[in-house]
Structures are given as structure tokens and as C-alpha cells.
Amino acid sequence: EDQVTQSPEALRLQEGESSSLNCSYTVSGLRGLFWYRQDPGKGPEFLFTLYSAGEEKEKERLKATLTKKESFLHITAPKPEDSATYLCAVHEFYFGTGTSLTVIP
Amino acid sequence: DTEVTQTPKHLVMGMTNKKSLKCEQHMGHRAMYWYKQKAKKPPELMFVYSYEKLSINESVPSRFSPECPNSSLLNLHLHALQPEDSALYLCASSHRGQGNTEAFFGQGTRLTVV
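All of these numbers come straight from a predicted model, not from anything done at the bench.

*Asks:* Can you break down the layout of surface pockets residue by residue, with the values?
*Replies:* Considering only enclosed or pocket space, the largest pocket measures out at about 610 Å³ in volume. As for the largest pocket, its lining consists of 25 residues, of which T85 of chain A together with Q37, A39, K40 and K41 of chain B are closest to the centre. Within the residue set of the lining of the largest pocket, elements represented by two or more residues are β9 (84–90) and β11 (99–104) of chain A. Examining the composition of the lining of the largest pocket, we find that 4 residues originate from one element, β11 of chain A, more than from any other. Class assignment for the residues of the lining of the largest pocket results in 8 nonpolar, 10 polar and 7 charged.

Structure follows, in C-alpha cells:
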């Protein structure tokens, strides 16, 4: 059975304090791992797709990486507007539990 | 344009009512999805349509009935719901529905069952 686990559950950062979010997965034959951002009361917003171990994608202050067992979302010098819940998902979009990020000015 | 449009944005219904949620996309995607999301929980997959055929039903109660009239439209018919069915209902679409391309989500319908 496909499983996706995210940690930490919640993360508070000072503005400019870089950190990483973890997504661990157990699937048979990874077809795609997806990162999304979700603001309260809104639908998830697509960020990245990763397909194979060693792959990296970047967008502004965010960088996603993938190994055979986990993916990381690295946030460099975050700003308050980066505050959101970050979700990872596999295959037919089975989501992990998410990490709620708060960036304090 | 990566827009998925859901209507209505908010819906309040009684337990004996029948209502429908609607979803539309014009990206040429051939897979469409319904999710249910409770507060502070991740989206939970309900149904997947691939090429207008139901390909995944995650053991959803029969009071939820999906329909895919064509490749651009997806409906979710609701009947005899319970208060615990109150949630944000999200629609999404992706290119082929084979789990290897990203999905784009609508803004959801906030459903309250009274």
C-alpha cells in the first residue's frame, strides 16, 4: 500500500531562517512525487514534480529534491508570504499529512 | 491557463436535500478528480475519472455520486448527506491520470450539512 509521511507537522521560522521539510514515501514503482502549497480555505497550488532519485527542481526560494525513499523541500531565506501548508503527494495524488509553515517577520 | 473552476463556492444543505457540485476545466486534461478535505487534514481522494470513465472509487458512500458528462466537466451529486460530510470539496484535473503528471486544483466548494 502506498504511504506518504511528512515531517515536521508544524514549523515556525524567523524571516530569513532557512530550513527543510521532509516527505517520506513507500510506493511500488514511483511514477511521480508532487509538492503543493495550500493557503487556508483554498485549493492546493502546484509547485514541483519529481520523477527519479537525484532530481532537483527550484523556484524562487524553494528547492525540491528526491531520493529513493524521501523528498525534501528546502526553503532558503523564507519570507512571511511563504507561510502556508506544504503537501507532498504520489501517484493518483495521495497526499501526505502536510507541514504547516509559519514565517515570523 | 491552468484554471479549474468549481461552483458553487459555498453550499448549505439539509440532510434530506439533493444538490450537485460542478467542476470545469479547459486545459484539455483527460483525468479529473474529487477530493474531500476536513479542517487541518490533507485532501482525501474520493474518485478519479480517466478518459471519462470512473477509474478509482475510494470506497466512498453511495450518497456521493460522481458523473463525468464530458472531458471538461465533472459533477458530484449529493443526496441524504450527514453532518460529518461537511468539508471542503476539491476538484482537480491532470493530463492523463496515470499518476505521472501534476494535477491542478480548483478553489473548492465549502459544504455545510445541517
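Having seen the structure, we can now continue with the description.
*Asks:* Requested: an account of the interface of chain A and chain B, with residues and values cited.
*Replies:* Interfaces are often sized by the amount of accessible area the parts lose when they come together. Opposite the 20 residues of chain A that make contact, chain B presents 23 residues. Taking both sides of the interface into account, the surface hidden between chain A and chain B amounts to around 1,600 Å²; carbon and sulfur atoms contribute 58%. Linking chain A with chain B are 0 salt bridges. Linking chain A with chain B are 5 residue pairs in polar contact (both at pLDDT 80 or more), by the criterion used here. Per element, the largest residue contribution to the side of chain A that touches chain B is 3 residues, and it comes from strand β4 (residues 33–38) of chain A. In terms of residue class, the side of chain A that touches chain B is built from 9 nonpolar, 8 polar and 3 charged.

*Asks:* An account of the nonpolar core is needed here, citing residue identities and associated values.
*Replies:* Among the nonpolar cores identified, the biggest contains 42 residues, and Y36 of chain A together with W34, Y35, F64, L76 and L78 of chain B are the most heavily contacted of them. The element contributing the most residues to this core is strand β9 (residues 87–94) of chain B, with 6 residues. Beyond its immediate stretch of four places on either side in the chain, F64 of chain B contacts M46, F47, L76, H77, L78, L81, D85 and Y89 of chain B. Within the second largest apolar cluster, 23 residues are counted, among which are V4, V27, L47 and I75 of chain A.

*Asks:* Just give me the short version of the side chain of S71 of chain A, but keep the residues and values in it.
*Replies:* Residue and element names in this part refer to chain A. Inspection of the secondary structure assignment puts S71 in strand β8 (residues 70–75). Side-chain polar atoms of S71 contact the backbone oxygen of T65, separated by 2.6 Å. In this view, S71 contacts L21, N22, C23, Y25, L33, W35, L50, T65 and L66; residues no more than four positions away in its chain are not counted.

*Asks:* Can you explain the sheet that holds strand β3 (residues 18–25) of chain B? Please cite residues and give values.
*Replies:* Residues and elements named next belong to chain B. Across the sheet, which stays open at both edges, the 4 strands sit in the order β1-β3-β8-β7 with antiparallel pairing between neighbours. Here the strands that pair on one side only, and so sit at the sheet edges, are β1 (4–7) and β7 (64–70). Shown here is a sheet whose adjacent strand axes are inclined to one another by a mean of 20°, direction ignored. With 7 bridges connecting them, β3 and strand β8 (residues 73–79) associate as antiparallel partners. Its bridge partner lying in β8, L21 is registered against L76.

Rules and cut-offs
- Residues numbered from 1 in each chain as written.
- Chains lettered and ligands numbered in written order.
- Predicted model: local features only at pLDDT ≥ 70, side-chain atom pairs only at ≥ 80, totals over all residues.
- Heavy atoms only, no water.
- 1 Å grid on protein atoms, 1.4 Å probe; cavity = no way out; pocket = protein on both sides within 12 Å on 5 of 7 lines; lining within 4 Å.
- Points joined across faces, edges and corners; volume = space filled by probe spheres on them.
- Helix = DSSP H or I, 4+ residues; strand = E, 2+ residues; numbered from the N terminus.
- Nonpolar A, V, L, I, M, F, W, Y, C, P; charged D, E, K, R; others polar.
- Contact = heavy atoms within 4.5 Å.
- Buried area = accessible area lost by both parts, 1.4 Å probe.
- Salt bridge = Lys/Arg side-chain N within 4 Å of Asp/Glu carboxyl O.
- Polar contact = N/O pair within 3.5 Å; in protein donor to acceptor, adjacent residues only side chain to side chain.
- Core = buried A, V, L, I, M, F, W, Y, C linked by side-chain atoms within 4.5 Å.
- Buried < 20%, exposed > 50% of the residue type's maximum accessible area, 1.4 Å probe, protein only.
- Pairing = 2+ DSSP bridges.
- Axes fitted to C-alpha atoms, helices over the stretch in contact; angles between N-to-C directions.

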